[in-house]
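# What the coordinates show
If you want the building blocks of each chain, they are given just below.
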Amino acid sequence: MKKILATVAVAAAALAGLSGCAAGGGGSDDGLITVGFAQTGSESGWRSANTESMKAAFSEENGFNLVFNAADNKPEAQIAAVRSFINQGVDAIVIAPIVEDGWDDVLQEAKDAGIPVVLEDRTLTSSDDLYASWVGLDFTREGERAGEWAAKEFGDTPTNMVVLEGTTGSAPANDRAEGFAKAIEGSGIVTLDSQTGNFTRADGKTVMEGFLQKYGSDIDLLYAHNDDMALGAIEAIKAAGLQPGVDIKIVSIDAVHDGMQALADGEINHIVECNPLLGDQVAELVKKVLAGDTLEKAYIVDDGEFDQADAIELLPTRPY
Ligand code: AHR
């Protein structure tokens, strides 16, 4: 993320300018642009919304033939999928990288084959010469916003926190940890424990059960790197006879429907948004790059943040 943010220009404004472009340079006999999309997997509500957004944007109606792969959150499988896209001779490749590291070789292979790569959602640590552009969210700022809420909520009151981290080595797990830690500096919050829940509801529940067995009612605060893990943890907290949102305060990231419902119900206390609806922007970037246009290396989409009253108001019209 650091590398990419360093190269961000006027992201929002520039992104707004990415419109009305014609289908680009690649193309098969049917006139469609063949795009290989290497998705992470299907770990969360956020991911489902992101996949739907991508499939809708990369439709035949919009001039695309989408070759979709979800790698079940296995980095080697995702790299193999990208290699297979290269071998198939697709016109462009889109990747939502599961982890940040390990991409140099396959990105170089795509470059050597003359196939442009666009990143969506997550970032990676390879040189930005190896891909055309990235569109996604500022994960560090998301973590910071979650931490700012927690620091304000607890001030210098001694507060025991447990953390459910996202997929180890992923940009959102790394950056959300970093942003949060910075924001709670000088507060009374101390970390009792921090473990990965792999961005899934099931692992969030299992890891929270372990935290509860170990620390019981000493836990004051849960920071979950996404809503799904918070939702799994809520089940564990209730099963332990405690009240989520009251006995243990919860802050999480995403703002998917079920998370917003838990926020409206008072079981989560604060949610920082991570917008999954990136498909249209990614499709426009792909068309632009195939048309030979110059792109910024990074386009950041805005996020919001919500409390209980916001959730009650927004839930009926929330698209995901
Ligand atoms: O990369 C974005 C993260 O991935 C979302 O916050 C999480 O829910 C998803 O699995």
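Provided above is the structure to which this section pertains.
Read on for a plain summary of the structure. (Residues numbered from 1 in each chain as written. Predicted model: local features only at pLDDT ≥ 70, side-chain atom pairs only at ≥ 80, totals over all residues. Heavy atoms only, no water.)

A word on the overall build of the protein. Of the regular secondary structure elements, the protein holds 12 helices and 12 strands. The buried share among the 320 residues of the protein stands at 57%. Within the protein, contacts between residues at least 6 apart in sequence are counted, and of these 77% link residues at least 24 apart. Entry remark: accessible area of the protein is about 12500 Å², with carbon and sulfur atoms responsible for 47%. If the 22 positive side-chain charges of the protein are averaged to one point and the 53 negative ones to another, these points end up 1 Å apart. (Helix = DSSP H or I, 4+ residues; strand = E, 2+ residues; numbered from the N terminus. Buried < 20%, exposed > 50% of the residue type's maximum accessible area, 1.4 Å probe, protein only. Contact = heavy atoms within 4.5 Å. Areas by Shrake-Rupley, 256 points an atom, 1.4 Å probe, with all protein chains shown as cover. Lys, Arg positive; Asp, Glu negative; His and termini not counted. Charge placed at Lys NZ, Arg CZ, Asp CG, Glu CD.)

Before going further, it helps to spend a moment on the sheet that holds strand 12 (residues 305–306). Taken together, 6 strands build an open sheet; the order of strands is 7-6-8-9-10-12 and the sheet is mixed. Two strands bound the open sheet, and with one partner strand each, they are strand 7 (189–196) and strand 12. Summarising the sheet, strand 6 (residues 159–165) and strand 7 pair through 7 bridges and their orientation is parallel. What sits directly across from valine 162, in strand 7, is aspartate 193. Each of strand 6, strand 8 (221–224), strand 9 (249–254) and strand 10 (270–273) touches helix 9 (residues 227–239); the most contacted strand, strand 9, lies at about 155° to it. (Pairing = 2+ DSSP bridges. Axes fitted to C-alpha atoms, helices over the stretch in contact; angles between N-to-C directions.)

Applying the stated criterion across every chain yields a total of 19 salt bridges. Among the ionic pairs, lysine 205 bridges to glutamate 235, the shortest N-O distance being 3.6 Å. Of this pair, lysine 205 sits in helix 8 (residues 201–215) while glutamate 235 is found in helix 9, placing the two residues 30 residues apart along the sequence. Its relative accessible area of 28% is what places lysine 205 among the partly exposed residues. Salt bridges sharing common partners tie together Glu43, Arg47, Asp121 and Arg122. (Salt bridge = Lys/Arg side-chain N within 4 Å of Asp/Glu carboxyl O.)

Attention now moves to the packing of helix 3 (residues 45–57) against helix 11 (residues 279–290). Their axes nearest at 8 Å, the elements helix 3 and helix 11 cross at an angle of 45°. Judged on the interaxial angle alone, helix 11 and helix 3 are oblique. Helix 3 and helix 11 meet at a crossing whose hand is right-handed. Of the residues in helix 11, those in contact with Ser53, Met54 and Ala57 of helix 3 are Gly279, Asp280, Val282 and Ala283. The class makeup of the residues in the contact of helix 3 with helix 11 is 4 nonpolar, 2 polar and 1 charged. (Parallel < 35°, antiparallel > 145°, perpendicular 65-115°, else oblique. Left-handed = near helix turned anticlockwise from the far one by under 90°. Nonpolar A, V, L, I, M, F, W, Y, C, P; charged D, E, K, R; others polar.)

When we look at a pair of aromatic rings, we describe it by the centre distance and by the angle of the planes. Counted according to the given criterion, the structure contains 3 aromatic pairs. Taking the centre distance of 3.9 Å and the plane angle of 10° together, the rings of phenylalanine 180 and tyrosine 223 count as stacked. Residue phenylalanine 180 is found in helix 7 (residues 171–183), and its partner tyrosine 223 is found in strand 8; the two are separated by 43 residues along the sequence. A residue is classified by how much of its surface remains accessible, and tyrosine 223, at 1% relative accessible area, is buried. Directly above the aromatic system of tyrosine 131 lies the positively charged group of lysine 297, at a separation of 5.3 Å from the ring centroid. (Phe/Tyr/Trp six-rings, centres within 6.5 Å; stacked < 30°, edge-to-face > 60°. Lys NZ or Arg CZ within 6 Å of the ring centre and 35° of its normal.)

On to the packing of helix 8 against helix 9. Between helix 8 and helix 9, whose axes approach to 7 Å, the crossing angle comes to 45°. Here helix 8 is positioned oblique relative to helix 9, judged by the angle of their axes. The hand of the helix 8/helix 9 crossing is right-handed. Together, Arg201, Gly204, Lys205, Met208, Glu209 and Leu212 of helix 8 and Asp228, Met229, Leu231, Gly232, Ala233, Glu235, Ala236 and Ile237 of helix 9 make up the contact between the two elements. Split by residue class, the contact of helix 8 with helix 9 holds 7 nonpolar, 2 polar and 5 charged.

Our next topic: the nonpolar core. Phe58, Val94 and Val286 are the most contacted members of the largest nonpolar core, which totals 45 residues. Top contributing element to this core by residue count: helix 11, with 6 residues. Inspection of this core shows a minimum of three residues originating in each of domain 1 (33–137 + 276–302) and domain 2 (139–274). Once you skip the residues sitting within four places of it in the chain, valine 94 turns out to touch Val35, Gly36, Phe37, Ala38, Met54, Phe58, Val118, Glu120, Val282 and Val286. Core analysis: the second largest hydrophobic core is formed by 31 residues, Leu212, Leu263, Ala264 and Ala311 among them. (Core = buried A, V, L, I, M, F, W, Y, C linked by side-chain atoms within 4.5 Å. Domains from an automatic or database assignment.)

In the region of the ligand, the neighbouring residues are Glu43, Ser44, Trp46, Arg47, Asp121, Arg122, Phe139, Pro172, Arg176, Phe199, Asn226 and Asp254. At a separation of 3.1 Å, an oxygen atom of the ligand approaches a polar side-chain atom of serine 44. Between an oxygen atom of the ligand and a side-chain N or O atom of asparagine 226, the distance comes to 2.9 Å. Out of a free accessible area of 280 Å², the ligand has 100% covered by protein chains. (Near = heavy atom within 4 Å. Polar contact = N/O pair within 3.5 Å; in protein donor to acceptor, adjacent residues only side chain to side chain.)

Another point: the side chain of glutamate 142. Its place among the elements puts glutamate 142 in helix 6 (residues 139–154). Among the polar contacts made by the side chain of glutamate 142, one reaches the side chain of arginine 176 at a distance of 2.8 Å.

Another aspect to go through is the pairing of strand 9. In terms of residue burial, strand 9 counts as a mostly covered element, since 5 of its 6 residues are buried. Relative to strand 9, strand 8 runs parallel, the two sharing 4 bridges. In the strand pairing of strand 9, alanine 224 is matched with serine 252. Relative to strand 10, strand 9 is paired through 4 bridges, and the arrangement is parallel. Paired with serine 252 across the bridge in strand 10 is isoleucine 271. Regarding the hand of the β-α-β motif, the stretch spanning strand 9, helix 10 (residues 257–264) and strand 10 is right-handed. (Right-handed = clockwise from strand over helix to strand, strands pointing away.)

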